[in-house]
Amino acid sequence: PEPGGLHVAFAAAGASGGEAGAQDAPRPAPAVPVEPASGPPKPSGWSLRWRVASGLVFVPLLILLARAGGLAFVGLVALQVTLGLIEFYRMMRGKGLEPHARLGILSSLGILWVAYDPHGGQGGWLACAALLLTLALSLRRAPRPRPVESMAVTLFGALYVGWLSAHLVLLR
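About the cut-offs
Residues numbered from 1 in each chain as written. Predicted model: local features only at pLDDT ≥ 70, side-chain atom pairs only at ≥ 80, totals over all residues. Heavy atoms only, no water. Helix = DSSP H or I, 4+ residues; strand = E, 2+ residues; numbered from the N terminus. Buried < 20%, exposed > 50% of the residue type's maximum accessible area, 1.4 Å probe, protein only. Contact = heavy atoms within 4.5 Å. Expected span 1.5 Å × (residues − 1). Salt bridge = Lys/Arg side-chain N within 4 Å of Asp/Glu carboxyl O. Core = buried A, V, L, I, M, F, W, Y, C linked by side-chain atoms within 4.5 Å.

Student: Hey, could you go over the overall build of the protein for me, with residue numbers and the actual values?
Tutor: Broken down by element type, the protein carries five helices and zero strands. N-terminal to C-terminal, the α/β element order of the protein is α-α-α-α-α. The buried share of the protein, taken over its 172 residues, is 24%. Considering only contacts in the protein between residues 6 or more positions apart, those separated by 24 or more positions represent 65%.

Set out below in structure tokens:
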């Protein structure tokens, strides 16, 4: 037996009752779970430098536009929401899910608009439309694995990134 794994030896001659050839018979591979091979490692230094650089650019811009307010600030938050959702949906695709990225981004931008103009009264309509469109688009797709999870990720991304970011507009 090999350490750390199960080992089952089958002898070709053992099946017929003889001991001859038992040592020469091929052995099956140990029953050890095999992890899928991952792609080439990502350079972590590049990612960290990119995030620090974007923080150095966007934080002062956020402070400046927060003081100015209005559509300029909403535009910056909309840019942040769009970039955040693109990254979120890309990560979910890496997990094998297939979210409706365009619908999620449009829903999030609609949430931002409702936060900017709360007296419009279209918040309930927007939520219902996003839910029904997600369901309808999922029904139009060819059968794929994990359709419910993909629908849920679409709506969760809109809420997680869009609704939480809308609070920046509400606090302004």
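Student: Could you give an account of helix α5 (residues 147-171), naming the residues involved and the relevant values?
Tutor: Over its 25 residues, α5 extends 36 Å from the first C-alpha to the last, a length consistent with the 36 Å expected when each residue adds 1.5 Å. As for α5, its buried residues are in contact with α2 (70-94), α3 (101-116) and α4 (123-140).

Student: So what's going on with α2? Which residues, and what values?
Tutor: Counted at 1.5 Å a residue, the expected span for α2 with its 25 residues is 36 Å, and the 37 Å between its end C-alpha atoms agrees. Residues of α2 that are buried include every one of Phe73, Val74, Leu76, Val77, Ala78, Val81, Leu85, Phe88, Tyr89 and Met92, and no others. Once α2 finishes, glycine 96 follows within two positions and takes phi at roughly 95 degrees, a positive value.

Student: Break down the pattern of salt bridges for me, with residues and values.
Tutor: Applying the stated criterion across every chain yields a total of one salt bridge. As a salt-bridge pair, arginine 51 and glutamate 87 come within 3.0 Å of each other at their nearest N and O atoms. One end of the pair, arginine 51, is in helix α1 (residues 44-68); the other, glutamate 87, is in helix α2, and 36 residues separate them in sequence. Accessibility expressed as a relative area gives 48% for arginine 51, which makes it partly exposed.

Student: With reference to specific residues and values, describe the side chain of serine 165.
Tutor: Residue position: serine 165 is located in helix α5. Excluding residues that lie within four positions of it along the chain, serine 165 makes contacts with Val77, Gln80, Val81 and Leu112.

Student: Any details on the nonpolar core? Residues and values, ideally.
Tutor: Of all hydrophobic cores here, the largest spans 21 residues; its most connected members are Val77, Val81, Leu85, Leu112, Val153 and Val169. Counting only elements with at least two residues in this core, the list comes to α2, α3 and α5. In terms of residues, this core owes the most to one element, α2, which gives 10 residues. Discounting residues that sit within four places of it in the chain, leucine 112 has contacts with Val77, Ala78, Val81, Gly162, Ser165, Ala166 and Val169.

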